[in-house]
Amino acid sequence: MSQSKRLRIAIQKSGRLSKESQQLLKSCGVKFNVNEQRLIAHADNMPIDLLRVRDDDIPGLVMDGVVDLGIIGENVLEEEQIERQLAGKPAECTKLRELDFGSCRLSLAVPNEFEYKDANSLEGLRIATSYPNLLRRFMQEKGINYSDCMLKGSVEVAPRAGLSDGICDLVSTGATLEANGLYETEVIYRSMACIIQSNKTQSTEKQALINKILSRINGVIRARE
Ligand code: ATP
Ligand code: ZN
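Every value quoted in this text rests on a predicted model; they were computed, and no experiment measured them.

Caption draft 1: Looking closely at the nonpolar core. Judged by nonpolar contacts, the single largest core of 32 residues is most densely connected at Leu 108 and Leu 122. Looking at this core, the elements that each hand over two or more residues are strand 3 (48-53), helix 2 (58-63), helix 3 (74-87), strand 6 (104-111), helix 4 (132-142), strand 10 (182-191) and strand 11 (193-197). Excluding its chain neighbours within four sequence positions, the residues that come into contact with Leu 122 are Leu 108, Val 110, Tyr 116, Met 139, Ile 144 and Asn 145. Val 30, Leu 99, Ala 193 and Ile 217 belong to the second largest nonpolar core, which has 26 residues in total.

Caption draft 2: Molecular detail of the coordination of the zinc ion (ligand 2). Protein coordination at the zinc ion (ligand 2) comes from Asp 55 (OD) and Asp 56 (OD), with a distance range of 2.0 Å. Seen from the zinc ion (ligand 2), its four donor atoms lie at angles of 76 to 172°, and the figure they make is irregular. Take Asp 55: its relative accessible area is 17%, and that puts it in the buried class.

Caption draft 3: Looking closely at the site of ligand 1. The immediate surroundings of ligand 1 are formed by 16 residues, with Arg 16, Arg 54, Asp 56, Asn 75 and Ser 172 found nearest. The contact in question runs from an oxygen atom of ligand 1 to an N or O atom on the side chain of Gln 12, over 2.8 Å. Isolated, ligand 1 exposes 630 Å² of accessible area, and the fraction of that covered by the protein chains is 78%. More than half of the atoms belonging to ligand 1 lie within 2 Å of the grid points that define the largest pocket.

Caption draft 4: A look at the layout of surface pockets. Volume-wise, the largest pocket comes out at about 1,100 Å³. Considering the residues around the largest pocket, the lining is formed by 39 residues, among which Arg 16, Asp 55, Asn 75, Tyr 131 and Leu 170 are closest to the centre. Contributing elements (two or more residues each) for the lining of the largest pocket: helix 3, helix 4, strand 9 (166-171) and helix 5 (175-179). Residue classes in the lining of the largest pocket are distributed as 13 nonpolar, 14 polar and twelve charged.

Caption draft 5: A look at the packing of helix 3 against helix 4. Close contact between helix 3 and helix 4 brings their axes to 8 Å; oriented N to C, the two are set at 80°. Put simply, helix 3 runs roughly perpendicular to helix 4. Here Asn 75, Glu 78, Glu 79, Ile 82, Glu 83 and Leu 86 of helix 3 come into contact with helix 4, specifically with Pro 132, Asn 133, Leu 134, Arg 136 and Arg 137.

Caption draft 6: Local environment of the pairing of strand 11. With five of five residues buried, strand 11 is to be regarded as a mostly interior element. The alternating pattern of strand 11 places Ala 193, Ile 195 and Gln 197 on one face and Cys 194 and Ile 196 on the opposite face, and all of these are buried. In terms of strand pairing, strand 4 (residues 69-73) meets strand 11 through five bridges, oriented antiparallel. Bridging from a neighbouring strand, Gly 70 pairs with Ile 196 of strand 11. Inspection of the sheet shows strand 5 (residues 94-98) paired to strand 11 by four bridges, in the antiparallel sense. Paired with Glu 98 across the bridge in strand 11 is Cys 194.

Quick notes on the rules
Residues numbered from 1 in each chain as written. Chains lettered and ligands numbered in written order. Predicted model: local features only at pLDDT ≥ 70, side-chain atom pairs only at ≥ 80, totals over all residues. Heavy atoms only, no water. Core = buried A, V, L, I, M, F, W, Y, C linked by side-chain atoms within 4.5 Å. Buried < 20%, exposed > 50% of the residue type's maximum accessible area, 1.4 Å probe, protein only. Helix = DSSP H or I, 4+ residues; strand = E, 2+ residues; numbered from the N terminus. Contact = heavy atoms within 4.5 Å. Donors = N, O, S within 2.8 Å, 3.2 Å for Na, K, Ca; no water. Tetrahedral: all angles 85-135°; square planar, octahedral: opposite > 155°, others 65-115°. Near = heavy atom within 4 Å. Polar contact = N/O pair within 3.5 Å; in protein donor to acceptor, adjacent residues only side chain to side chain. Areas by Shrake-Rupley, 256 points an atom, 1.4 Å probe, with all protein chains shown as cover. 1 Å grid on protein atoms, 1.4 Å probe; cavity = no way out; pocket = protein on both sides within 12 Å on 5 of 7 lines; lining within 4 Å. Sits in = over half its atoms within 2 Å of the grid points. Points joined across faces, edges and corners; volume = space filled by probe spheres on them. Nonpolar A, V, L, I, M, F, W, Y, C, P; charged D, E, K, R; others polar. Axes fitted to C-alpha atoms, helices over the stretch in contact; angles between N-to-C directions. Parallel < 35°, antiparallel > 145°, perpendicular 65-115°, else oblique. Pairing = 2+ DSSP bridges.

Spelled out as structure tokens, the structure:
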């Protein structure tokens, strides 16, 4: 099952990266139609299968060698890498290149009434986040003690709901923070979408196809610059 002759590429099923991931592959000449109900979309003109999954599942699928390539936010990749290293699971893959979409930053934010001087102002606070590993790395580097409040969604409402003192969440324009009476104090990670490859040995044919796709991606992105 896991040794498919066709190249497997995991992309986000639905969310902020889906449209642009599909568009990028189409611009590279991969012809496919997505059926919203289906996990897999087969390309008509190349031996490629697209796996449409939750973005959080993509790094693990690539690191375990279940799929050959994945398109994912660097934030999710890095978070999963730290998580897997701690758990002693395979955590290696190769980042082929950064892409030209999915730009965002992982930032710390606190309520408007909070008086923030520097990162030390966070000492002893409870911080809500979906990225506990990236948050811990930043706080350890700064030598700040804090507590976690792990939330997969609705992170931005946690302070108002009395669940946390601050948050560590993805920001692009800052409009969501503002709407929730929060302001950004520290950027802890800057992210773009990227394309990653499994470190599992590839057949010569698959590697040749990967090289072809990558060289087309380079061309597409150069043309859009
Ligand atoms: P899924 O259902 O696949 O788990 P999700 O809700 O976790 O989706 P999205 O909100 O679709 O994820 O975001 C996917 C990725 O898009 C993020 O991990 C990040 O890399 C990127 N991104 C770009 N801008 C933003 C933003 N403003 N907020 C959140 N993510 C953003
Ligand atoms: Zn997700």
